[in-house]
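The lines below spell out each chain.
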Amino acid sequence: MLDIAVAYNRYRFIGYEFLTWLWFAIERNPTLLQSPSGDSGSLSLGNRIVLENFTRDKTESITIKGDDPNVDAALLSLKNGALVTEINLVFKLNEQEWQFTLKGESFSITNLKTPQRGPVETLEDTEGAVLEQAFLLEQLLQYQDVLFNSFIHLRVSKEWGQTFIPEVKNWVSAP
Amino acid sequence: MGFLSATTSLTRYRVEGKLEDPVVDSVYSGLRPNTISDIDENVSENAAGWTSFREPFVPSFEGSNFCIGNYFLFSLRMDRKTIPSKVIQKYFAIEYAKKLKASGREFLSKNEKKMLKEHVISLLTLRIPATPNIYDLLWSYEDDSLWFFTNLKKPCEELETLFLTSFNLKLIRLFPYTMTEFFGGLTADEYETFINLAPTTLME
């Protein structure tokens, strides 16, 4: 295993490519987002997406915000070589909804809203709320792990360059 | 933005290693000596330590109150006294004038001014209560998994240090590389490809 600090910087692009793959899958190929068990729910773009272009001398950043964001500028940015560095997502499963922002380089999760839990009125309620919240978080993180697993297997396969990249290029070039 | 807040933030860790059985006693033994100490009545500017999730201002881990189901739930508390620079300036000016008057001199040396400023800061530190910041953590011992409910750099660094000191277990943050290492499930050939990957360019 590599030194953690070195590995963090060396492979941060993997996180950006993962988020870019997620966005592509949401927009163009939701079947990529299904877990093997088939009960993975649905994933959609939330209210924020950040792209950064590292291919030039200076890093360029573009942030699209809003409840129904117009992603044309983001697509143009992608076409110019940018990758998604941060994305707000909505995950729905069994009529429950999670919303959160995932950062590519660290996989840290911010602004996480879990489905509503029962009220906490007594000390005993706290224990139930803790277990319920842990279960809700577990469902989300397990799904994230399944998605990352699918992505990383694709990323190290020939399919990445032969199929996925051409599909993304077609997507961003589509009128 | 704690564990049960309507909106929260989360950093994921993998816990390396295991505790001695009985595990609950080992966790208690790690928490107890590293519980946060109150600094309101002394000159310390910072303090960090474990506290209980339910009563973060009256830290206690008695009765295994940190065990809920299969999880350990407790919090990192970081207290800090922040004295506004203008308050320091004000009290320094007052003490400076007093000292000149008492000594009958017209100015103080650079060294005397430095000592006076340190004295003023010590006095103010005693009078100002510390501001507490509480960050919850949920530790699933069986899964070697820990969720820390913040992304802030300082608390994360403090957590990693204090956790190692308390339990002699190392925390490894989960980010793209470590996620691939621990959970990628890659074959030896796939792993070799992964290690040598370079960024993809999507440019036309």
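Owing to the predicted nature of the structure, the values given are computational and were not obtained by experimental measurement. (Residues numbered from 1 in each chain as written. Chains lettered and ligands numbered in written order. Predicted model: local features only at pLDDT ≥ 70, side-chain atom pairs only at ≥ 80, totals over all residues.)

Asker: What should I look at first to understand the overall build of chain B in this one?
Answerer: On a plain count of helices and strands, chain B comes out with 6 helices and 7 strands. The helix and strand sequence of chain B, counted from the amino end, reads β-α-β-β-β-α-α-β-β-α-β-α-α. Relative to a compact globule of 204 residues, whose C-alpha radius of gyration would be 17 Å, chain B shows 24 Å and is clearly more extended. Along the longest, intermediate and shortest principal axes, the C-alpha atoms of chain B span 80 × 60 × 35 Å. Per-residue burial over chain B gives 26% buried out of 204 residues. Here the analysis covers contacts within chain B between residues at least 6 apart in sequence; of these, 68% occur between residues at least 24 apart. (Helix = DSSP H or I, 4+ residues; strand = E, 2+ residues; numbered from the N terminus. Rg over C-alpha atoms; globule rule 2.2 N^0.38 Å. Buried ≥ 20, exposed ≤ 12 C-beta atoms within 10 Å, placed from the backbone. Contact = placed C-beta atoms within 7 Å.)

Asker: Would you mind showing me how to read the pairing of strand β5 (residues 131-140) of chain B here?
Answerer: All names here are of chain B. Here strand β4 (residues 71-80) pairs with β5 via 10 bridges, running antiparallel. Paired with F74 across the bridge in β5 is L137. Alignment of β5 against strand β6 (residues 145-148), held across 4 bridges, turns out to be antiparallel. Across the sheet, the residue bridging to L138 is W147, located in β6. Hairpin remark: β5 followed by β6, antiparallel, with 4 residues in the connecting loop; positive phi at D144, about 55°. (Pairing = 2+ DSSP bridges.)

Asker: Looking at this structure, how should I read the domain arrangement of chain B?
Answerer: Note on interface size: it is often stated as the accessible area lost on association of the parts. When its domains are assigned, chain B resolves into domain 1 (11-81 + 130-195) and domain 2 (85-127). Placing the centre of domain 1 of chain B and that of domain 2 of chain B at their C-alpha centroids yields a distance of 41 Å. (Domains from an automatic or database assignment.)

Asker: Would you take a moment to explain the environment of B:W147 for this structure?
Answerer: Position of B:W147 relative to the elements: it lies in strand β6. Apart from residues lying up to four places away in sequence, B:W147 is in contact with A:L137, B:L10, B:R12, B:L137 and B:L138.

Asker: Would you mind showing me how to read the nonpolar core here?
Answerer: General note: in soluble globular proteins, nonpolar side chains tend to be found buried as a group. Membership of the largest hydrophobic core comes to 69 residues, with the highest contact counts inside it found for B:L137 and B:F148. In terms of residues, this core owes the most to one element, helix α2 (residues 12-28) of chain A, which gives 8 residues. The residues touching B:F148, leaving out its near neighbours within four places in the chain, are B:T11, B:Y13, B:Y135, B:L137, B:C156 and B:L159. (Core = buried A, V, L, I, M, F, W, Y, C linked by C-beta atoms within 7 Å.)

Asker: What should I look at first to understand the environment of A:P119 in this one?
Answerer: Examined against the element boundaries, A:P119 turns out to sit in the loop between β5 (109-113) and α4 (123-155). Linking A:P119 and A:A129, residues 10 residues apart in sequence, is a C-alpha distance of 8.0 Å.

Asker: Can you help me understand the interface of chain B and chain A in this one?
Answerer: Contacts between chain B and chain A engage 38 residues on the former and 41 residues on the latter. Secondary-structure elements contributing two or more residues to the side of chain B that touches chain A are β1 (7-16), β4, α5 (176-183) and α6 (188-195) of chain B. Classifying every residue of the side of chain B that touches chain A gives 21 nonpolar, 12 polar and 5 charged. Both β5(A) and β1(B) contribute to a ladder of 3 bridges, which runs antiparallel. Looking across to β1(B), one finds that A:I109 is bridged to B:L10. (Nonpolar A, V, L, I, M, F, W, Y, C, P; charged D, E, K, R; others polar.)

Asker: Just checking my understanding: could you explain unusual backbone geometry for this structure?
Answerer: What is expected of a backbone is that most residues other than glycine have negative phi and most peptide bonds are trans. Going from B:D21 to B:P22, the amide bond is cis rather than trans, its omega being -10°. Unusually for a residue other than glycine, A:E95 sits at a positive phi of about 65°. Among the secondary structure elements, A:E95 is positioned in the loop between β3 (83-93) and β4 (96-103). A:E95 gets classed as exposed once you count the C-beta atoms within 10 Å, which come to 7. Look at B:N168: it is not a glycine, yet its phi comes out positive at around 60°. Relative to the elements of secondary structure, B:N168 occurs in the loop between α4 (153-167) and β7 (170-173).

Asker: For this particular structure, what's the right way to read the packing of α2(A) against α4(A)?
Answerer: All names here are of chain A. Contact pair α2 / α4: the axes reach a minimum separation of 10 Å and the direction vectors enclose 105°. Judged on the interaxial angle alone, α4 and α2 are roughly perpendicular. From α2, E17, F18, W21 and L22 reach across to α4, where they touch L147, F148, F151 and R155. For the contact of α2 with α4, the class distribution of residues is 6 nonpolar, no polar and 2 charged. (Axes fitted to C-alpha atoms, helices over the stretch in contact; angles between N-to-C directions. Parallel < 35°, antiparallel > 145°, perpendicular 65-115°, else oblique.)

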